[in-house]
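Structural overview
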Amino acid sequence: MPQIPHLRNIALILLALTAVVLLINANRSENAEQSATRTYYIAAEEVLWDYAPSYPINPMHKTEFGDDQKVFVEGNGKDRIGHRCYKAHFVEYSDASFSRVKPRPPEWEHLGILGPVIRANVGDTIKVVYRNNTKGMMTSVHPHGVFYLKNSEGTHYEDGTGAEDKKDDIIAPGAGYTYSWEVPERAGPGPSDPNSIVWLYHSHADETMDTNTGLVGPIIISSKGALDKNNTLKGVDREFIVLFTVFDENKSFYLDRNIQQFAPQARNAKDDEAFQESNLKHSMNGYIYDNLPGLKMKTGENIRWYQLALGTEVDLHTPHWHGNTLLSGGHRIDVVNLLPATHATLDMKADNPGIWMYHCHVNDHIEAGMMGHYEVESNH
């Protein structure tokens, strides 16, 4: 009888150890479930892009474009390319056969010229199975933020590496490559960030030409476990991604082709200042003068806005939302500052129904068409 309490203690210890082991295994199982390899099949392809499909109407005022606006949108078949031109963009496919384009969901309609959203949680691995389907254009895929080795940097320069590590640098037309990027904690949200942040990916074979041609897209990285089983972000009702950039068609890979087809009289006038000015497209996701579609929400919803910029010294952008306010790093704002290749993640609790202007607040950019709108529908 005196030994019974001792046996009971041993039993309690064994039960406690069993509970600890079960908890460790459960945590391991949970982490295993949350970590995944996310594979994307992406190709670079040519497209006849329309910066202003509403032409000749300016949707912002429901009037015809004025003379100052026609500089950027009117193609006269002589010495102006106009609102339509050949570009390249990233296109997502369903599998490695690259035989079926993956339909873009309605919630991403607003992406426009941007490539597909690449998203992952902290702890995941991203694989991009890539193919260059352009004709004559050398391309690559270079990511921001995530962790990559030299064989998945997607950038051409003398870095002391050998032939194997340079296969990712430049992908010739008709060729392909598989990029692999890790998503450690330092690629995800920081202490003052919400549960997801945005990065860029873009072609970097000739960065200036490639990005002006249109080869750019977004990466969204969320905290471990922040994505639900439907691959949507917990606590967020809608996500919007907008790239503010002045696409310089004078530096596009397709400049000569665009001149030949749309502005044959400009063949010998590439250095003409008026011609060059007409090819500066002050765009939001590749749209100008309020042609950006799909920014719709309801009152009471939690909206996450990802803001991006690219370009040169003129690409100092200040996105401004009329009618509602947002939180940025704990600060209340309705205007955010962007520099080329920077990004911002902001949250909006839409409480003011209506159709609201959304634009860059730089005066010259407004006049050149860097404007759009978002719509808040009453939920009552």
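This section reports on the structure supplied with the text. Note that the structure is predicted; figures quoted are calculated from it, not measured.

Moving on, we get to the overall build of the protein chain. Counting its secondary structure elements, the protein chain contains six helices and 20 strands. Along the first, second and third principal axes, the C-alpha set of the protein chain runs to 105 × 60 × 35 Å. A total of 380 residues make up the protein chain; the buried ones form 47% of that total. At a minimum sequence separation of 6, the contacts of the protein chain that also span at least 24 residues come to 76%. Total accessible area computed for the protein chain in this model is approximately 18,000 Å², and 52% of it derives from carbon and sulfur atoms. Taken together, the 34 basic and 49 acidic charged side chains of the protein chain have centroids lying 7 Å from each other.

Looking now at a negative patch on the surface. There is a patch of like negative charges on the surface, built from D67, D68, E277, D364 and E367. For the negative patch, the secondary structure elements donating two or more residues are helix 2 (67–73) and helix 6 (363–367). With respect to the helices and strands, the residue E367 is situated in helix 6. Its relative accessible area of 57% is what places E367 among the exposed residues.

Turning our eyes to something else, we now look at the pairing of strand 5 (residues 118–121). A two-sided burial pattern is seen for strand 5, the buried positions comprising I118 and A120 on one face and R119 and N121 on the other. Sheet analysis places strand 5 next to strand 10 (residues 216–222), joined by four bridges and oriented parallel. Counted as the bridge partner of I118 is I219 from strand 10.

Reading across from one edge, 5-10-9-7 is the order of the four strands in this open sheet, with mixed pairing throughout. Sheet topology places strand 5 and strand 7 (142–143) at the edges, where each strand pairs with a single neighbour.

Our next topic: the pattern of salt bridges. Taken as a whole and judged by the stated rule, the model has 12 salt bridges. Salt-bridge contacts for R38 lead to D124; the nearest nitrogen and oxygen are separated by 2.6 Å. With R38 in strand 1 (residues 37–50) and D124 in the loop between strand 5 and strand 6 (125–132), this pair connects stretches of sequence that are 86 residues apart. Comparing R38 with D124 shows no difference in burial state: the two are buried. The salt bridge involving K167 is made with E164; its shortest N-O contact spans 2.9 Å. Three or more residues joined by partner-sharing salt bridges are found here, namely K150, E153, D159 and K166.

Our next topic: unusual backbone geometry. A cis amide bond, omega 15 degrees, links Y55 with the succeeding residue P56. Assignment of secondary structure puts P56 in the loop between strand 1 and strand 2 (57–58). For N231, which is not a glycine, the phi torsion comes out positive at approximately 65 degrees. One can find N231 in the loop between strand 10 and strand 11 (238–248).

Turning our eyes to something else, we now look at the nonpolar core. Across soluble globular proteins, you tend to see nonpolar side chains buried next to one another. Ranked by size, the top nonpolar core spans 91 residues in total, and within it I126, W305 and W321 carry the most contacts. Look past the residues within four positions of W321 in its chain and what remains in contact with it is W305, Q307, L326, I333, D334, V336, L346, M348, M357, Y358 and Y374.

Thresholds, definitions, all that
Residues numbered from 1 in each chain as written. Predicted model: local features only at pLDDT ≥ 70, side-chain atom pairs only at ≥ 80, totals over all residues. Heavy atoms only, no water. Helix = DSSP H or I, 4+ residues; strand = E, 2+ residues; numbered from the N terminus. Buried < 20%, exposed > 50% of the residue type's maximum accessible area, 1.4 Å probe, protein only. Contact = heavy atoms within 4.5 Å. Areas by Shrake-Rupley, 256 points an atom, 1.4 Å probe, with all protein chains shown as cover. Lys, Arg positive; Asp, Glu negative; His and termini not counted. Charge placed at Lys NZ, Arg CZ, Asp CG, Glu CD. Patch = residues over 30% accessible without salt bridge, like charges linked within 9 Å, V, L, I, M, F, W, Y side chains within 5 Å. Salt bridge = Lys/Arg side-chain N within 4 Å of Asp/Glu carboxyl O. Pairing = 2+ DSSP bridges. Core = buried A, V, L, I, M, F, W, Y, C linked by side-chain atoms within 4.5 Å.

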